[in-house]
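Inside the fold
Take a look at the letters that make up each chain.
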Amino acid sequence: MFRKQLLFFSALCVLFLSGCNQKNYIKTVSPEASKVESQASTIVIRDYSEKPVTHPGITTSIKTYKDKNVSIQYPAISNLEDKKKEESVNQLLKDNALSFLSIASVDSLKDTVIVDAEIISADPKRITAVYTGTFYAEGAAHPINLFYTNTIDINQVKDLGLTDFANPEALAEYVLSDQVKFYNASPELTEALMDARTQMDLSSYVKLFQEADFPIKTKLPGGTPAFPDSFSYEDKGNIIFSIPVPHALGDSALVSYTPVTK
């Protein structure tokens, strides 16, 4: 089911970008459009060494799951006093990182998935990781850019999501406002994203943010889990979250939001 949706989404993106004049934005040779498209995949993480890193009270490392054409990095923790809790957190981190494979019905012989992980922050109370990569399904028109995140409350062995840090209604209003700030986007890409964001209305964004992040809350007809269309993480007081955009603009765009305490 999810595979069919991805193939449909791929075709839909092309139709969406073509417009009434039947001009395919993806294949355009316009210098301005080409420049925007070349800068569309701005969701890039730093290379992260698999060498263990020591934080106060905790050690982190990056593991790699490999199966034929599939390679997915994911974080692991060690040196917690509570070894049982450490084991549970590591299992949750791994399960979430690999969950896309089962949801998308990835065939490791025919499809290709490459995902890199970066640990944004870690301490004995919380760990936050960001995942970026690509998924190429056999028969798809083009690869899909992947972006997802995972924040775990270590004490409770519990996923934390966007609704734990911000109000979905406030975020929706912010995205549709003139004050919205896109994270790591060039002026040309920002201009294109300002137009693309209006393809969804306020209520759609509210629902999107309510269902963001792990644990997976959205189910397709029949009860099949649906991979969230929005993910988020907190970094130095700022909330970075994704919204879906057309493929030519990167598939996902990151928005930076700073909560105001009143």
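Structure: above.
Now for a quick tour of the structure. Note that the structure is predicted; figures quoted are calculated from it, not measured.

Analysis parameters
Residues numbered from 1 in each chain as written. Predicted model: local features only at pLDDT ≥ 70, side-chain atom pairs only at ≥ 80, totals over all residues. Heavy atoms only, no water. Phe/Tyr/Trp six-rings, centres within 6.5 Å; stacked < 30°, edge-to-face > 60°. Helix = DSSP H or I, 4+ residues; strand = E, 2+ residues; numbered from the N terminus. Buried < 20%, exposed > 50% of the residue type's maximum accessible area, 1.4 Å probe, protein only. Pairing = 2+ DSSP bridges. Axes fitted to C-alpha atoms, helices over the stretch in contact; angles between N-to-C directions. Contact = heavy atoms within 4.5 Å. Parallel < 35°, antiparallel > 145°, perpendicular 65-115°, else oblique. Left-handed = near helix turned anticlockwise from the far one by under 90°. Nonpolar A, V, L, I, M, F, W, Y, C, P; charged D, E, K, R; others polar. Salt bridge = Lys/Arg side-chain N within 4 Å of Asp/Glu carboxyl O.

1. A word on the packing of aromatic side chains
- Scanning all chains against the criterion turns up 12 aromatic pairs.
- Ring geometry for Y148 and F227: centres 5.4 Å apart, planes at 85°, overall edge-to-face. Of the two residues, Y148 is situated in strand 6 (residues 144-153) and F227 in the loop between helix 6 (202-210) and strand 9 (232-235); the sequence distance between them amounts to 79 residues.
- Geometrically, the ring pair formed by F209 and F241 is edge-to-face, given 5.1 Å between the ring centres and 80° between the ring planes. Pair noted here: F209 is in helix 6 and F241 is in strand 10 (residues 238-244), with a separation of 32 residues, a long-range link.
- In this structure F209 comes out as buried when scored by relative accessible area, which is 0%.

2. A word on the pairing of strand 5 (residues 126-136)
- Burial of strand 5 is extensive: 8 of the 11 residues sit out of reach of the surface.
- Where strand 4 (residues 112-122) lies against strand 5, 10 bridges are found, and the strand directions are antiparallel. Residue pairing across strands places I114 opposite T134, the latter belonging to strand 5.
- Between strand 4 and strand 5, which pair antiparallel in sequence order, lie 3 residues.

3. Side note on the sheet that holds strand 3 (residues 70-78)
- Pairing is mixed in the open sheet, where 7 strands are placed in the order 1-2-3-4-5-6-7. The open sheet has two edge strands, strand 1 (53-55) and strand 7 (158-160), and neither has a second partner. Strand-to-strand twist of the sheet, defined as the mean angle between neighbouring strand axes without regard to direction, takes the value 30°.
- On top of the sheet, helix 3 (residues 83-103) reaches strand 2 (58-67), strand 3, strand 4, strand 5, strand 6 and strand 7; it is set at about 160° to strand 3, its chief contact.

4. Considering the packing of helix 4 (residues 168-175) against helix 6
- The geometry of helix 4 relative to helix 6 is characterised by a closest axis approach of 8 Å and an angle of 130° between their N-to-C directions. By the angle between their axes, helix 4 is oblique relative to helix 6. With respect to the hand of their crossing, helix 4 and helix 6 are arranged in right-handed fashion. From helix 4, P168, E169, L171, A172, E173 and V175 reach across to helix 6, where they touch L202, Y205, V206, F209 and Q210.
- Tallied by class, residues from the contact of helix 4 with helix 6 come to 8 nonpolar, 1 polar and 2 charged.

5. A look at the environment of T190
- By the element assignment, T190 lies in helix 5 (residues 187-196).
- Given the relative accessible area of 23%, T190 is considered partly exposed.
- With 10 residues separating them along the chain, T190 and V180 place their C-alpha atoms 10.0 Å apart.

6. Re the pattern of salt bridges
- The tally for this structure, following the rule as stated, stands at 4 salt bridges.
- A salt bridge links D67 to K68, with the shortest nitrogen-to-oxygen separation between them at 3.2 Å.
- Judged by relative accessible area, which is 24%, D67 ranks as partly exposed.
- You can call K68 exposed: its relative accessible area is 58%.
- A salt bridge links E234 to R126, with the shortest nitrogen-to-oxygen separation between them at 3.4 Å. Of this pair, E234 sits in strand 9 while R126 is found in strand 5, placing the two residues 108 residues apart along the sequence.
- The class for E234 is partly exposed, based on a relative accessible area of 31%.

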